[in-house]
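# Survey of secondary and tertiary structure
Residues per chain, in single letters:
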Amino acid sequence: MSNTISEFQKTVEEYLVRNRSILDVITKLEQTNARINRALAKSITHCGCISIDAKKPDIPSDVSYNTLKDYIKSNIQGELCEDCKEVIESELGSHLFYLAALCNQLNLDMETVLANEKERVTVLGMFNLS
């Protein structure tokens, strides 16, 4: 997988010609984030292939961290239809493109960023509840 990340980051560097300034990159990154949110909302409100059941989970006070996952389930009900899945995957791809562009602008390696985050999550474990 890491080879794919490096290749993707290099491809972004090679093909990003317009919107190359840092201001363009960060505003495009925010725009792609909004498009992901909009596509997800449309999957719920327009298509209806998924729905959200957002209520407070009933968690016993004496539950251990190791069994906490048994009480907390996804709020998403249903599955994305093929059309919605295609749109959201495309929007996520655009977001990753501008995330890679931001890494390039700041001379950061995406693989290193991901590895550091994985290490942080692993080390913090249950204290990584942000």
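Structure: above.
Within every chain, residues take consecutive numbers counted from 1 along the sequence as written. For this predicted model, a pLDDT threshold of at least 70 governs which residues receive local features, and a threshold of 80 or more governs which side-chain atom pairs are given and counted, while totals over whole chains, interfaces and linings are taken from all residues. Side-chain measures here rest on the full set of heavy atoms in the structure, leaving out hydrogens and waters.

Turning to the pattern of salt bridges, a few remarks are in order. For salt bridges, the criterion is a side-chain nitrogen of Lys or Arg within 4 Å of an Asp or Glu carboxyl oxygen. Per the stated rule, a full pass over the model turns up four salt bridges. Residue Glu-91 pairs with Arg-35 through a salt bridge whose shortest N-O separation is 3.1 Å. Note that Glu-91 is positioned in helix α3 (residues 82-105) and Arg-35 in helix α2 (residues 22-47), a separation of 56 residues in sequence. Think of it in three bands: with a 1.4 Å probe and only protein chains considered, a residue is buried below 20% of the maximum accessible area for its type, exposed above 50%, and partly exposed in between. A residue is classified by how much of its surface remains accessible, and Glu-91, at 11% relative accessible area, is buried. Secondary structure elements follow DSSP: runs of H or I no shorter than four residues count as helices, runs of E no shorter than two count as strands, and numbering proceeds from the N terminus.

Now for the environment of Ser-94. Within the secondary structure layout, Ser-94 lies in helix α3. On the basis of relative accessible area, Ser-94 is assigned to the partly exposed category, the value being 29%. As for Ser-94 and Ile-36, which are separated by 58 residues in sequence, their C-alpha atoms are 9.3 Å apart.

A few words now on a nonpolar patch on the surface. On the surface, Ile-22, Leu-23, Ile-26, Leu-106, Leu-108 and Val-113 cluster together into a nonpolar patch covering about 500 Å² of accessible area. Per-element accounting of the nonpolar patch gives the leading share, three residues, to α2. Tracing the backbone shows Ile-22 in helix α2. Only residues whose relative accessible area exceeds 30% and that take part in no salt bridge are eligible for patches, with like-charged residues grouped when within 9 Å of each other and nonpolar side chains (Val, Leu, Ile, Met, Phe, Trp, Tyr) grouped when within 5 Å. Note that accessible areas follow from Shrake-Rupley with a 1.4 Å probe, and for residues the cover is restricted to the protein chains shown.

Turning our attention to a negative patch on the surface. The charge count includes Lys and Arg as positive and Asp and Glu as negative, but it does not include His or the ends of the chains. Lysine's charge is taken at NZ, arginine's at CZ, aspartate's at CG and glutamate's at CD. Among the surface-exposed residues, Glu-82, Asp-83, Glu-86 and Glu-89 lie close enough to one another that they form a single negatively charged patch. When you line up the elements, Glu-82 lands in helix α3.

Scope: geometric values only; no functional claims are made or implied.
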